[in-house]
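# A closer look at the structure
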Amino acid sequence: MEKNTILSIQDLSISFTTGAGEVSAIRGVNFDLHRGETIAIVGESGSGKSVTMKAIMGILSSNGKVNSGKILFSSAKEDMEEDIDLLKLDKKEMRRKINGKRIAMIFQDPMTSLNPVMTIGAQIMEGMKWHYKTPKKEAYKRAVELLQLVGITDAEKRMKNYPHQLSGGMRQRVVIAIALACNPELLICDEPTTALDVTIQAKILELIKDIQKKLDISVIYITHDLGVVAKVADYVAVMYAGKIVEKGLVNEIFYEPKHPYTWGLLSAMPDLDTNDDKLYTIPGTPPNLVNKVAGDAFAPRNIFALNIDNRLEPPMFQVSETHFASTWLLHENAPKTEMPVELKARVERMLGEAKKDGE
Amino acid sequence: MENKQPLLSVEGLHQHFKVSRSYTVKAVNGVDFVIYPGETYGLVGESGSGKSTIGRSLIRLYNPTAGKIVFDGENISGKMSKSTEKHLRTNMQMIFQDPMACLNPRKKVLEIIAQGLDIHHICKNKKEREDMVYQILEKVGLSKEHANRYPHQFSGGQRQRIGIARALIMNPKLIIADEAISALDVSIQAQVVNLMKDIQKETNTAILFIAHDLSMVKYISDRIGVLHLGYLVETGTTEEIFRNPIHPYTKSLLSAIPHPNPIVEKSRVSVTYNYVTSGIDYAKGSQNHIEGTHYVLGTKEELEMWA
Ligand SMILES: Nc1ncnc2c1ncn2[C@@H]1O[C@H](COP(=O)(O)OP(=O)(O)OP(=O)(O)O)[C@@H](O)[C@H]1O
Ligand SMILES: Nc1ncnc2c1ncn2[C@@H]1O[C@H](COP(=O)(O)OP(=O)(O)OP(=O)(O)O)[C@@H](O)[C@H]1O
Ligand SMILES: [Mg+2]
Ligand SMILES: [Mg+2]
């Protein structure tokens, strides 16, 4: 592993046993994350974003199993210097050494990660007491501070609230406070701001950025909101059907996307100027991963698909030093194909705005 | 649209929660609005401002502290008769913000989606019931095979669509969609929004669309209400609000919309608004007419200042 790499996922594949058969949810995922950097993972609903993160945390559901791969993690904290494969740790070691302390996760569904019969104050203090033996008084003070930090007013009174007494967005912020309580080195945010209005969203994103700068932590964001991606990400990985189909610097993905799925994703997003009677959607439905996927999983929905797509899975082609995409369109023998004209126009408009902004 | 009978009218709605003897949360403080058949009303506002609470009061998960709610010609704000309650339960459906919290984990998706049909004995036989479920699953972008899985075996976005399917299958007159699409990827968001628009055209369903994604709200809504601390601070057509926002909260909200343009977004700062330091007291303000259907909450002095 490179020196400042904190996380390296290599060839990860995961499947679930269900009544309808074996679901191959993750089919060979690879990516690296450097210390202090932010990667955003975007992609189709059901493409495997959350499952990948749960694998990092060692909390796959019981019907899931890892078929191959490594998740290497390197900590800078004193009692653990070597790279370790998180997949090799048992539940107890994960709980004692990793979860909450070094890697913290903000879950997509806040209700499932909060204890309904415990006050939120107690839940924020729990990790500090367990990992660092923080005295009660100090933990209490820090918990109130954290609540204020995530923008909850009347923080002291709210300490005594139970989760159901809070609004959706407040619960989400409590989960964020819990995650930050133990100063993790890697923060995983699965749709952290989905339930928040834009003003508080902006505040939380800035808060995470701030903490990131101060403590040099790395962040993985999973989000459907491409505006959020634009704001926070250094790198972007695009997932489709259990694989990363494109990855690169945020500017490369937004202004020079190469994979037809990424084209579709960017085209489907409405912006404030959208007035069309219908929004653009990617035609067709995602593949059923119970069946074996032959060739490129996106081919049936891809109007640019080539013959070879139905037979052979495309490798990752390198576009620049930092930009990769897995589509046969990038093969030297493929017919030259540009992104759809509507998207091209939109990219041009964005670049225009950016230029105007710079002046 | 104005001379038609509204489908829903809400007058002076208050919803307070007593948390302890000394602490009452005043979640909703005198809210008035109407929704016409076939219309989409967008409700936006700060987290904790009372949006979900309004939805939950309308569908009568709570007893409103004060106020009058008339739905489809029937008063649903006080004690309801059996027939009024049935009318409400079949014709008004809510898609909840927290999908996991409202889907029974021990029931298969087929049962969950068919629940409303079963309670109100809508299907003649098993086959009809199954067909209806399969059809709606397809419409929300899931497939037949998903019908026999349990909620925890789905991704977040797939789960959200189960909630959407469960509401749509009842063919209601009013759908309350509480952050119904925010957990979905943009392509499926677009698919669901197109679907809601189609259904709306077909059956003239009205939608109360609660969301924080303002580009989607702008796209889908005919009219918008901006809620802050349980007060509607600004209301009007989508066009009026976006062209000419007056209230400082609305302005800060619009300025905080993230643009999917990395170069612009990395350097942009949004306008902030702090109620506590602003010196504004919502309780003192009244609704001021700006133009057309555009109203803003404030005192005369405040309005002069904001203009
Ligand atoms: N316990 C499980 N049993 C069976 N299938 C599962 C289970 N958990 C997840 N899956 C399946 O694995 C796939 C990936 O799910 P995952 O939750 O990672 O999606 P996601 O990319 O996070 O989507 P979303 O954006 O909707 O949250 C989905 O098709 C999902 O149905
Ligand atoms: N059952 C309850 N008991 C006590 N307080 C409650 C209850 N339900 C809601 N509240 C409070 O009412 C206020 C409004 O909550 P509500 O859920 O309506 O907000 P919201 O506008 O939907 O916010 P979000 O965008 O975060 O979902 C909050 O202060 C919340 O804590
Ligand atoms: Mg997910
Ligand atoms: Mg809510």
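Residues numbered from 1 in each chain as written. Chains lettered and ligands numbered in written order. Predicted model: local features only at pLDDT ≥ 70, side-chain atom pairs only at ≥ 80, totals over all residues. Heavy atoms only, no water.

## Details of the site of ligand 2
Rules: The rule for a residue being near a molecule or strand is that one of its heavy atoms must lie within 4 Å of it. Identification of polar contacts relies on pairs of N or O atoms within 3.5 Å, with a donor-acceptor requirement for protein atoms, meaning one able to donate a hydrogen and the other able to accept it, and with residues adjacent in sequence counted only if both atoms are side-chain atoms. Note on areas: Shrake-Rupley, 1.4 Å probe, and residue coverage restricted to the protein chains presented here. Put simply, DSSP H or I for four residues or longer makes a helix, DSSP E for two residues or longer makes a strand, and each gets a number counted from the N terminus.
The immediate surroundings of ligand 2 are formed by 23 residues, with Q165(A), G169(A), S47(B), S52(B) and T53(B) found nearest. More than one chain reaches ligand 2: its neighbouring residues belong to chains A and B. Backbone polar atom of Q165(A) to an oxygen atom of ligand 2: 2.7 Å apart, as the coordinates give it. In the environment of ligand 2, an oxygen atom lies 3.2 Å from a nitrogen or oxygen atom belonging to the backbone of S49(B). If ligand 2 stood free it would expose 640 Å²; the protein chains cover 92% of that surface. Elements with a minimum of two residues in the shell around ligand 2: helix 7 (168–180) of chain A together with strand 1 (8–20), strand 2 (23–35) and helix 1 (51–58) of chain B.

## Digging into the site of ligand 1
To keep things clear, this is the line we draw: Residues were grouped as follows: Ala, Val, Leu, Ile, Met, Phe, Trp, Tyr, Cys and Pro as nonpolar; Asp, Glu, Lys and Arg as charged; and all remaining residues, including Gly, as polar.
Close to ligand 1 lie 22 residues, the nearest being S45(A), G46(A), S50(A), S155(B) and G157(B). Near ligand 1, the surrounding residues are drawn from chains A and B. Here S45(A) contributes a side-chain N or O atom positioned 2.6 Å from an oxygen atom of ligand 1. Mapped by element, the contributors of at least two residues to the shell around ligand 1 are strand 1 (5–18) and helix 1 (49–57) of chain A together with helix 6 (156–168) of chain B. Looking at the shell around ligand 1 residue by residue, the class counts come to four nonpolar, 15 polar and three charged.

## Some words on the interface of chain B and chain A
It is common to give the size of an interface as the accessible area that goes away when the parts come together. Heads up, the condition is: Residue contacts follow a heavy-atom distance rule, with two residues in contact if any of their heavy atoms lie within 4.5 Å. Simply put, the buried area is the total loss of 1.4 Å probe accessible area from both parts when two parts are fitted together. For this analysis, a salt bridge means a side-chain nitrogen from Lys or Arg found within 4 Å of a carboxyl oxygen belonging to Asp or Glu.
The partner chain A presents 64 residues to the 58 residues of chain B that form the contact. Buried surface at the junction of chain B and chain A, both sides included, amounts to about 5,000 Å², of which 57% is carbon and sulfur. Where chain B packs against chain A, one counts one salt bridge. In this structure, K231(A) engages E265(B) in a salt bridge whose closest nitrogen and oxygen atoms are separated by 4.0 Å. On inspection of chain B and its partner chain A, the count reaches eleven residue pairs in polar contact (both at pLDDT 80 or more). Within the residue set of the side of chain B that touches chain A, elements represented by two or more residues are strand 2, helix 3 (99–102), helix 6, helix 7 (186–203), helix 8 (214–220), helix 10 (248–255) and helix 11 (262–267) of chain B. The element best represented in the side of chain B that touches chain A is helix 7 of chain B, accounting for ten residues. Residue classes in the side of chain B that touches chain A are distributed as 25 nonpolar, 19 polar and 14 charged.

## As for the confidence of the model for chain A
Do not read the predicted coordinates in detail wherever pLDDT is low. Put simply, the test is: The predictor's confidence in any single residue is recorded as pLDDT, a number from 0 to 100.
Residue-level pLDDT values for chain A average 90, and 96% of them are 70 or greater. Taken element by element, the predicted model of chain A shows its lowest mean pLDDT in helix 3 (residues 110–113) of chain A (74) and its highest in strand 12 (residues 324–325) of chain A (98).

## What about helix 12 (residues 341–358) of chain A?
Selection criterion: One less than the number of residues in a helix, times 1.5 Å, gives the span that helix is expected to have. Throughout, exposure labels follow a simple rule: accessible area from a 1.4 Å probe, protein chains only, divided by the maximum for the residue type, with under 20% read as buried, over 50% as exposed, and the rest as partly exposed. Throughout, the arc means that of the directions going from the helix axis to the C-beta atoms.
In this model helix 12 of chain A runs 26 Å from its N-terminal to its C-terminal C-alpha over 18 residues, within 8% of the 26 Å that 1.5 Å per residue would give. Three or more residues of helix 12 of chain A are buried, namely L343(A), R346(A), V347(A), M350(A) and A354(A). In a view along the axis of helix 12 of chain A, the buried residues occupy a sector of 100°, so they form one face of it. Away from the buried face of helix 12 of chain A by more than 90 degrees, exposed residues V341(A), E342(A), K355(A) and K356(A) are located. Each element contacted by the buried residues of helix 12 of chain A is listed here: helix 10 (250–255) and helix 11 (260–268) of chain A together with helix 11 of chain B.

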